[in-house]
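So you can see what is in the structure, the chains are spelled out below.
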Amino acid sequence: MAGPNIARRPAPPPSPNVNAQEPRDLLENKLAQLRSLTWICYGGGIDWHDGAGPQHLDNVLWLVADLALETQELHQRSEAARHAGR
């Protein structure tokens, strides 16, 4: 089983140039985000102020920020491809 370091958040957050990161770092980031998302969805009696609550909330917000950035980049690539086809 993985050690507790999986849930650590990199400092600073991942840069938009994700190609500069090692695959193991990217995988560790995604595992931390998914673990926190699962914890928030299914964790009973979540205390948002103490314990693991704040860290998991930070990880989920980090996940949302990553998804927004990736979606924006995908939209820009899609638009560029659409305009290139004209």
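The rules behind these values
Residues numbered from 1 in each chain as written. Predicted model: local features only at pLDDT ≥ 70, side-chain atom pairs only at ≥ 80, totals over all residues. Heavy atoms only, no water. Helix = DSSP H or I, 4+ residues; strand = E, 2+ residues; numbered from the N terminus. Contact = heavy atoms within 4.5 Å. Areas by Shrake-Rupley, 256 points an atom, 1.4 Å probe, with all protein chains shown as cover. Expected span 1.5 Å × (residues − 1). Buried < 20%, exposed > 50% of the residue type's maximum accessible area, 1.4 Å probe, protein only. pLDDT = per-residue confidence, 0-100.

Okay, the overall build of the protein chain next. Helix and strand content of the protein chain: two helices and zero strands. In the protein chain, the proportion of contacts linking residues at least 24 apart, taken out of those at least 6 apart, comes to 49%. About 6,400 Å² of surface is accessible on the protein chain, with carbon and sulfur atoms providing 61% of the total.

With 32 residues, helix 2 (residues 53-84) should reach 46 Å at 1.5 Å per residue; the first-to-last C-alpha distance of 46 Å fits that figure. Among the residues of helix 2, those classed as buried are Gly53, His56, Asn59, Val60, Trp62, Leu63 and Asp66. Of the surrounding elements, those touching the buried residues of helix 2 are helix 1 (23-42).

All right, on to the confidence of the model for the protein chain then. On average, residues of the protein chain score 77 in pLDDT, and 76% of them reach the 70 mark or higher. Counting contacts from residues 1-12, a segment whose pLDDT is below 50, to residues more than four positions away or on other chains yields 16 contacts.

Inspection of the secondary structure puts Ala32 in helix 1. Classification of Ala32 as buried rests on a relative accessible area of 0%. For the pair Ala32 and Asn59, spaced 27 residues apart in sequence, the C-alpha to C-alpha distance is 6.9 Å.

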